[in-house]
Amino acid sequence: MSAAMDTESTYSGYSHYSGHSKKAHRQGRDRHKSPRSKDGSRSEKSVTIQTPPAEPLLGNDASRAEEAQDDNWGETTTAITGTSEHSISQEDIARISKDLEDSVGLDCKRYLGLTVAAVLGLLVFLTPIAFILLPQILWRDDLEPCGTVCEGLFISVAFKLLILLIGTWALFFRQPKADVPRVFVFRALLLVLIFLFVFSYWLFYGVRILDSKDTNYQGIVQYAVSLVDALLFIHYLAIVLLELRQLQPMFTVKVVRSTDGESRYYSLGHLSIQRAALVVLENYYRDFTVYNPALLTASKSRAAKHMAGLKVYNVDGPGNNASGQSRAMIAAAARRRDSSHNELYYEEADHERRVRKRRARLVVAVEEAFTHIKRLQAEEQQKAPGEMMDPREAAQAIFPSMARALQKYLRTTRQQQYHSMESILQHLSFCITNNMTPKAFLERYLNPGPTLQYDRDRWFSKQWTLVSEEAVTSGLQDGIVFVLKCLDFSLVVNVKKIPFIKLSEEFIDPKSHKFVLRLQSETSV
Amino acid sequence: YFTSFPFQQRIEIHKLRQGDNLILGFSIGGGIDQDPTQNPFSEDKTDKGIYVTRVTEGGPAEVAGLQIGDKIMQVNGWDMTMVTHDQARKRLTKRNEEVVRLLVTRQSLQKAVQQSMMS
């Protein structure tokens, strides 16, 4: 029943719902309607959902308007305006539910891997010591005495174990910085190798030495030393496989953000797809400007205008040719005299001018505000104790003179939700403490910075999904494309191999640089 | 002016005495020791011939009909197409000659004759 009348949401201000409009011409996004939205949407346009960890949403963000799932849409009014402050869009619901799931769920896989590796490491470390101590404990009296040679071997075992310990600590004892979908192939291989290796040594030891109670203690100690040597070589193998192999750049990777086309290039070595995705994401937080949904409203409204311009009504009944109709629509739209490019041009020029004007006012206001503050030297500090202020108070004192200009500028560039008054005051006192100029203070506000610069709540991008046609543990190849999706946007990653460079040499004798004068003289006769 | 060679013109210049010198009233450029690519008057930029680069107003050369951009082929019977710049200057400024007879070729002349031949 209501599934058949499933209306998609549009951002247009002029939508006329008639009873016969077909779904084919309303291309919206497919949303999974969660049951929650249906419950609260019986009567009015606004949906009130009380969820405790709701994200702070500024009320005047009219671009997030979402039409509620309404069963009586045939009878309600046709004009749709921005929703009230209590409405939360579908995206927010999905995001909230995902956040709740994450914080409660256990990272079983990650901890399992860590514990296995830790147990194996401990076992491996204690094995040589056990090899040396067990004969002493079990059949001490039968052992041949072995003097300086054994003591020398003991010292070498001790130091090699110490080096192994330090090396393992330096290389492998690191906080896991990411949660990846699949096991790392090389790490798993190395763990299996170590396990098999130590297992075979124990097997040999158990059968040949423990069972037969071998009395040649020097041989036993040398056996333990050979184990430690082999462990050091496995450690070397681990360094080469896990760390060194991917250092040499083999691929150039292009990362494009789907919403605004911002792109970057990175160089990577031989990595698996999931590790490459990790590298890309780490660099994303540093290099890409923060995702600002408010900047996309202009293009979305234009798109809505294009869609809303032509409507095709099917009056002949079912059995219509859908593709023929859409082609007819596109042709009609192309023929229509459309002046939207004109609008875009003037709108952009206007916006540019407005931004520049506000920016000029802001710079002047901040420069003037900064002139009121002077740093007190140590001797002066005793003279006038009453007027002294700490940086926070100084910031609060000069903030009002620039607050209005700053707020207007942030509004014009649509950055106002990224900077709260508290954060601005903090930044101002930070700048005052560090003797920064007004321009240094403004650097944070004039241009949108990378995502790391802002508060975590405003990131819009914490949970990532790797979408790939190849297995994520397979290595990078030329031409692979994978997508890193988060709720609001996605990063499309395109891998290209660095070309094989043929370099040849040419020797130039320094004496071969000779020149001749070429004149064009004119003589009068 | 009718000549046996259709592209060329004979010009007779009477030198003017100025103090101790006999002047002709024009300047030359070019020569086999010069850079032909810098010659603004030649059609073929590998042409190393001698060209007239300036003609002084009212001088004997202008009176005789020499024009700027003319290529000098012969001077008093001496060939000027394969000479150095200095040799050309010397052949023009011989102190015992009062009249020089030049054989020049001119692009506008070439085109005029070609057009008249085609029509």
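Chain B goes by Tax1-binding protein 3 in an unreviewed UniProt entry, where it is assigned to Formicarius rufipectus.

Named according to an unreviewed UniProt entry, chain A is VANG1 protein originating from Formicarius rufipectus. Per its UniProt entry, chain A bears the Sequence similarities (unreviewed entry) comment "Belongs to the Vang family." Under the UniProt heading Subcellular location (unreviewed entry), the note attached to chain A is "Cell membrane".

Residues and elements named next belong to chain A. Side-chain alternation along strand β4 (residues 481-485) places F482 and L484 on a buried face and V481, V483 and K485 on a face that remains uncovered. Across 4 bridges, the pairing between strand β3 (residues 465-468) and β4 is antiparallel. Pairing of L466 across the sheet is with L484, part of β4. A loop of 4 residues connects β4 with strand β5 (residues 490-497), the two strands running antiparallel in sequence.

Here the focus is the packing of helix α4 (residues 148-172) of chain A against helix α6 (residues 217-244) of chain A. Residue and element names in this part refer to chain A. At a closest axis distance of 10 Å, the pairing of α4 and α6 adopts a crossing angle of 20 degrees. Comparing their axes, α6 and α4 come out roughly parallel. Relative to α6, α4 is oriented so that their crossing is left-handed. Of the residues contributing to the contact of α4 with α6, the split by class is 19 nonpolar, 6 polar and 3 charged.

Residue and element names in this part refer to chain A. Going through the model one piece at a time under the given rule, you end up with 1 disulfide over all chains. A sulfur-sulfur distance of 1.6 Å marks the disulfide that ties C146 to C150. Judged by relative accessible area, C150 falls into the buried class, the value being 2%.

Turning to helix α12 (residues 391-412) of chain A, a few remarks are in order. Residues and elements named next belong to chain A. The terminal C-alpha atoms of α12 lie 29 Å apart, and with 22 residues this matches the ideal 32 Å at 1.5 Å per residue to within 8%. Where α12 bends most, at P400, the angle is about 55 degrees. Residues A394, A395, I398, F399, M402, A405, L406, Y409, L410 and T412 constitute the buried set of α12. The secondary structure elements touched by the buried residues of α12 are α10 (340-370), α13 (421-433) and α14 (438-446). Of the residues trailing α12, R414 is marked for its positive phi of about 60 degrees.

Conventions we followed
- Residues numbered from 1 in each chain as written.
- Chains lettered and ligands numbered in written order.
- Predicted model: local features only at pLDDT ≥ 70, side-chain atom pairs only at ≥ 80, totals over all residues.
- Heavy atoms only, no water.
- UniProt positions renumbered as here; feature names shortened; annotations may be inferred.
- Buried < 20%, exposed > 50% of the residue type's maximum accessible area, 1.4 Å probe, protein only.
- Helix = DSSP H or I, 4+ residues; strand = E, 2+ residues; numbered from the N terminus.
- Pairing = 2+ DSSP bridges.
- Axes fitted to C-alpha atoms, helices over the stretch in contact; angles between N-to-C directions.
- Parallel < 35°, antiparallel > 145°, perpendicular 65-115°, else oblique.
- Left-handed = near helix turned anticlockwise from the far one by under 90°.
- Nonpolar A, V, L, I, M, F, W, Y, C, P; charged D, E, K, R; others polar.
- Disulfide = S-S within 2.5 Å.
- Expected span 1.5 Å × (residues − 1).
- Bend = angle between axes of the 7 residues up to and from the residue.
- Contact = heavy atoms within 4.5 Å.

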